[in-house]
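An overview of the molecular structure
What follows is the residue order along each chain.
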Amino acid sequence: MNCTNANPVTIVMIEDDEGHARLIERNIRRAGVTNDIVAIASGNEAFEYLLGEDKTGAVSAKRALLILLDLNLPDMSGVDILQKIKTNPHLKRSPVVVLTTTDDEREIQRCYDLGANVYITKPVNYESFANAIRQLGLFVAVMQVPVAE
Amino acid sequence: MPARALGLNYAQSTLLLVVAGAVMLFLLVVSSFKLSSETSARADEIAQERLVRIAARQTQIGLLNAESGQRGYLVTGEEPYLEPYYTGVDEVRRGLSDLEQRIVNAEDRARMDSIKSVIEAKLREMDTTVGFVKSGMRDEATETVRSDRGLTYMTELRTQLEAITGRADTAIGQGLTDLATSARRLSITTTLGSMLLIGFTAVAFYIVANNTGQLLAARQSLEDLTNELEERVKDRTLALTQANDEIQRFAYIVSHDLRAPLVNIMGFTSELESASGQLVTYFRSDQSLEAERKAAAEIATADIPESIKFIRSSSTKMDGLIGAILKLSREGRREFKRDRVQLTEVVAASVASLQHQIEEHGVDVDIALDLPSVVSDRLALEQIVGNIVDNAVKYLMPGRPGRIAIAAEESGGRVKLSITDNGRGIDDHDQARIFELFRRAGKLDRPGDGIGLAHVRSLVRMIGGDVTVRSQAGEGTTFFIDLPKKMAIHAGKEQAA
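About the cut-offs
- Residues numbered from 1 in each chain as written.
- Chains lettered and ligands numbered in written order.
- Predicted model: local features only at pLDDT ≥ 70, side-chain atom pairs only at ≥ 80, totals over all residues.
- Heavy atoms only, no water.
- Helix = DSSP H or I, 4+ residues; strand = E, 2+ residues; numbered from the N terminus.
- Rg over C-alpha atoms; globule rule 2.2 N^0.38 Å.
- Contact = heavy atoms within 4.5 Å.
- Areas by Shrake-Rupley, 256 points an atom, 1.4 Å probe, with all protein chains shown as cover.
- Lys, Arg positive; Asp, Glu negative; His and termini not counted.
- Charge placed at Lys NZ, Arg CZ, Asp CG, Glu CD.
- Buried < 20%, exposed > 50% of the residue type's maximum accessible area, 1.4 Å probe, protein only.
- Pairing = 2+ DSSP bridges.
- Expected span 1.5 Å × (residues − 1).
- Arc of directions from axis to C-beta.
- Buried area = accessible area lost by both parts, 1.4 Å probe.
- Salt bridge = Lys/Arg side-chain N within 4 Å of Asp/Glu carboxyl O.
- Polar contact = N/O pair within 3.5 Å; in protein donor to acceptor, adjacent residues only side chain to side chain.
- Nonpolar A, V, L, I, M, F, W, Y, C, P; charged D, E, K, R; others polar.
- Patch = residues over 30% accessible without salt bridge, like charges linked within 9 Å, V, L, I, M, F, W, Y side chains within 5 Å.
- Axes fitted to C-alpha atoms, helices over the stretch in contact; angles between N-to-C directions.
- Domains from an automatic or database assignment.
- pLDDT = per-residue confidence, 0-100.

Structural notes on the overall build of chain B
Along its length, chain B carries 11 helices and 7 strands. At 65 Å, chain B has a C-alpha radius of gyration far larger than the 23 Å of a compact globule built from 497 residues. Dimensions of chain B, computed from the C-alpha atoms along their principal axes, are close to 215 × 55 × 40 Å. When contacts within chain B are restricted to residue pairs at least 6 apart in sequence, those whose partners lie at least 24 apart make up 75%. Surface summary for chain B: the accessible area is close to 28,500 Å², and the carbon and sulfur share equals 58%. For chain B, the distance from the average site of its 60 positive side-chain charges to the average site of its 69 negative ones is 3 Å.

Written out as C-alpha cells, the structure is:
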C-alpha cells in the first residue's frame, strides 16, 4: 500500500481498551492494510507521541498520520485530545476518526464541530463492528493523507 | 392597645372611637350653644334693668331740678329761675316716657300708675304755684307750698322711684352673678370638651399609628418570607438540576463503561467462532499443506488463547464495574446515623488505617489540634477522609517528600475541612472530571479504578455537604469538605439518587 508515497501513512490508534485495540487491529489487517499501527492506551501517552517532549507538535512535522481516537479515556476526555490535534499547526490536517461506544447526538456534533473527519459508533453487534473497521481499512487503502508541515 | 383587651379588632375599635368622638362633639356643640344663649339672655336682662334704672333716676333728678327751679322762682320771682324749672319738667316727662317704655317687671308696672298720677299732681301743683307768681299772686303761691302737698308728692315719688331703682340694682347684681356663673360653665364645658376631643384624637392617632406600624412590620416579614422562600426554591432547583445532570452523566458513563467490555466479549467470541471454523476446515481436508498446518497451529496456539484471555478479562472487568455500581448504590441506600463526632478522632482513625503506606512513602501528616466536632455520620466521614488521604499518599510528586496538612474552619453553622498535599496536582481541565465515576486524571502509573473520588462526592452530598478541589499541577492539591455542623435528620435519603 502507498508504495508510491515516500512517507507511508502511520495509523495512530488511541484506545485504552486493549481488547478493542486488538479487534481493531485484526480487522484492519484483514482488510489488507499493512501500514504501521501505533497503539496508544492513554491520553498522556498520546500527547507524548503526537506533540513530542516540547509539546509543540514539531515532532509530527513530515509525518503522515491517520488518527483513530476513542473518546472515553481513563485519564482525560478524547474531546480534549481532538481539540489539541485540530488546533496544532502541525497536526490539524491529519484526518481523525472518532471511535466510541456512545451515539449521543450532542457528542457527535461536538466532535464534527471540533474538526473530526469521521465519527464511528462501536456497535455491540460484533459483525457490524468488524465490517465498519474493514471498510475503514479499505478507505485507508485509497485515501491520501497530507504530510504535516 | 386597650381595645384589644375588650376583644375588639382594629376596624371595630376604630369605628367605636369615631362614633364616640362624634357623640362627644355633638354634646359639646349643643351644650355650648345652650350655655352661650343663656349667657347672652342674661346680658340682655342686665342691660334692660340698667335702662330702667337710668330712666327712674332721670325722672327723679328731673323732679328735683324742676322743684328747685320752682322754689327759686317763688322766692325771687325772677324769670331766670324758670329756666331750670322748665328743663326739669322736660326731663321728668322724658324720663317718665322712657320708664314707661322700658319697664318689664310686674311690680314696677303696678307702681307705674300711682307714679304717673302723683307726678301729674306734683307737676300741676308746681305749675299752679308758678302761675300764681306770674300773675302776682305771691301769697296764694306761698299758701299752696305751705299746704305741704308738694312735699307729700315729692316724698311719695322718691319712695316709689327709689323702690324701682333698688329693685333694678338688686336685679343687676343678681344678673351679673348669674352671668359670671354661666360664663364659667361655658368655659369649663368648652375646656373639658376640647380636652376630651384631643384625647380621642390622640387615642385614634395612636391606634392608627400602631396599626400602620403593625401592617408595615407584617408586610416586611411577609416580604422576608417570600424572599427566603424564593431563595430556597432557587437553591433547591439548582440542587435538583445538578442532581439530574449527575444522574444523566452517571447513566452515560455506566452505559459506556459497561458496553466497552461487552464489545470485547462479543468480538472475541466471534473471533473464536471464525477460528474454530478455520480449524474445522483444516481437519476435514485430507491432504493438508505445510502452510495450512502452520496456520492451524498459529490459530490454536496464539489466536484462540488470546481471544479467551480477552473474554475472561472483559468478563472480570464487567463484574468489577457492576460490583462498583452496586456498592455506590447500596451506599446511597444506607441509613446514616447522627452522632456527635470529633473530627480529630475521625481524621486520626483514617490516617491510622493508611499508616502502612504513609510510612512506606515517608509522608509527613500534620493534623491541626483544634478540629471541631460535628453531628454527622462517623463511618461516612472516615471513608471520605480516608479516600482523599489515600489519593494524597498515592500521587506524590516524584523527588519531593510528601506532606499532608489537615485543618478546619468553622463559620455560620458549617465546618470546612481542608486536606492539603504537596503532590503532583491536577490539571485545570481535569478538576471537574476527577469526581466522575471510573474517571482518572494525570499519569496512570498507579493502580486504581476511578471510583474513590466519585464515592467521596456521593458520600459528602448525602451527609449534606459538598466537596471542592483547588489544585496547581506540579504544586499540590487541596480538597475542601464543606459540612453542616449538624447533619439534617433526613440527610441521605433526599440525595440517594
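Digging into the pairing of strand β7 (residues 476–484) of chain B
Residues and elements named next belong to chain B. In terms of residue burial, β7 counts as a mostly covered element, since 8 of its 9 residues are buried. In this structure, strand β5 (residues 414–421) lies alongside β7, joined through 8 bridges in antiparallel fashion. Its bridge partner being in β7, Asp421 is matched across the sheet by Thr477. As defined by bridge partners, strand β6 (residues 466–472) adjoins β7 across 7 bridges and the pair is classed as antiparallel. Its bridge partner being in β7, Arg470 is matched across the sheet by Thr478.

Quick word on helix α5 (residues 126–142) of chain A
It helps to recall that an α-helix has 3.6 residues per turn; residues three or four apart then point in one direction. Residues and elements named next belong to chain A. The terminal C-alpha atoms of α5, which comprises 17 residues, lie 25 Å apart, in line with the 24 Å expected from a rise of 1.5 Å per residue. Those residues of α5 not exposed but buried are Tyr126, Phe129, Ala130, Ile133, Leu136, Gly137 and Val140. Projected down its long axis, α5 shows its buried positions confined to an angular sector of 120°, all on one face. Facing away from the buried side of α5 by more than 90 degrees, the exposed set consists of Gln135, Leu138 and Val142.

Overview of the interface of chain B and chain A
At the junction of the two partners, chain B supplies 27 residues and chain A supplies 29 residues. Each partner contributes to the roughly 2,400 Å² buried at the junction of chain B and chain A, and carbon and sulfur atoms together form 51% of this total. Run the count over chain B and chain A and you get 4 salt bridges. Two residues, Arg26 of chain A and Glu271 of chain B, come together in a salt bridge whose shortest N-O distance is 2.5 Å. For the pair chain B and chain A, the interface holds 8 residue pairs in polar contact (both at pLDDT 80 or more). When residues of the side of chain B that touches chain A are traced back to their parent elements, those giving at least two are α6 (149–284) and α7 (290–333) of chain B. Among the elements that make up the side of chain B that touches chain A, the one with the highest residue count is α6 of chain B (12 residues). Class assignment of the residues belonging to the side of chain B that touches chain A gives a composition of 9 nonpolar, 7 polar and 11 charged.

Let's talk about a negative patch on the surface
Residue and element names in this part refer to chain A. The grouping of Glu45, Glu48, Glu53 and Asp54 at the surface amounts to a negative patch. Mapping Glu48 onto the fold places it in helix α2 (residues 43–51). Assessed through its relative accessible area of 54%, Glu48 is described here as exposed.

Considerations on the sheet that holds β7 of chain B
All names here are of chain B. If you trace the 5 strands from one edge of the open sheet to the other, you get β2-β4-β5-β7-β6, paired in mixed fashion. Strands at the two margins of the open sheet, each flanked by one partner only, are β2 (364–367) and β6. Taken pair by pair, the neighbouring strands of this sheet meet at an average axis angle of 15°, ignoring direction. The strands touched by helix α8 (residues 343–353) within the sheet are β2, β4 (403–411) and β5, with β2 carrying the most contacts at an inclination of about 170°.

Looking at the domain arrangement of chain B
Per the domain assignment, the segments making up chain B are domain 1 (2–212), domain 2 (246–333) and domain 3 (339–484). Measuring from the centre of the C-alpha atoms in domain 1 of chain B to the corresponding centre in domain 3 of chain B gives 114 Å.

Notes on the confidence of the model for chain A
Residues and elements named next belong to chain A. In the predicted model, chain A carries a mean pLDDT of 82, and the fraction of residues at 70 or more is 91%. Across chain A, the secondary-structure element scoring lowest on mean pLDDT is α5, at 76, and the one scoring highest is strand β2 (residues 37–40), at 92. Contacts of residues 1–6 to residues separated by more than four positions or lying in other chains number 7 contacts, the stretch itself having pLDDT below 50.

Re unusual backbone geometry
Of note in this structure, Lys55 of chain A is not a glycine but carries a positive phi near 60°. Mapped onto the elements of the fold, Lys55 of chain A is located in the loop between α2 and β3 (65–70). The backbone of Asp148 of chain B sits at a positive phi, close to 65°, despite the residue not being glycine. Classification of Asp148 of chain B as partly exposed rests on a relative accessible area of 40%.

Remarks on the environment of Ile304 of chain B
All names here are of chain B. Tracing the backbone through its elements, the reader meets Ile304 in helix α7. For Ile304, a relative accessible area of 18% corresponds to the buried category. When the C-alpha positions of Ile304 and Leu272 are compared, they lie 6.2 Å apart, and in sequence the two are 32 residues distant. Once residues within four sequence positions are removed from consideration, Ile304 is found in contact with Leu272, Ala275, Leu279 and Ile299.

Considerations on the environment of Glu25 of chain A
Residues and elements named next belong to chain A. You can see Glu25 is positioned in helix α1 (residues 18–30). Residue classification places Glu25 among the partly exposed positions, given a relative accessible area of 25%. Sequence separation between Glu25 and Lys62 is 37 residues; the distance between their C-alpha atoms is 24 Å.

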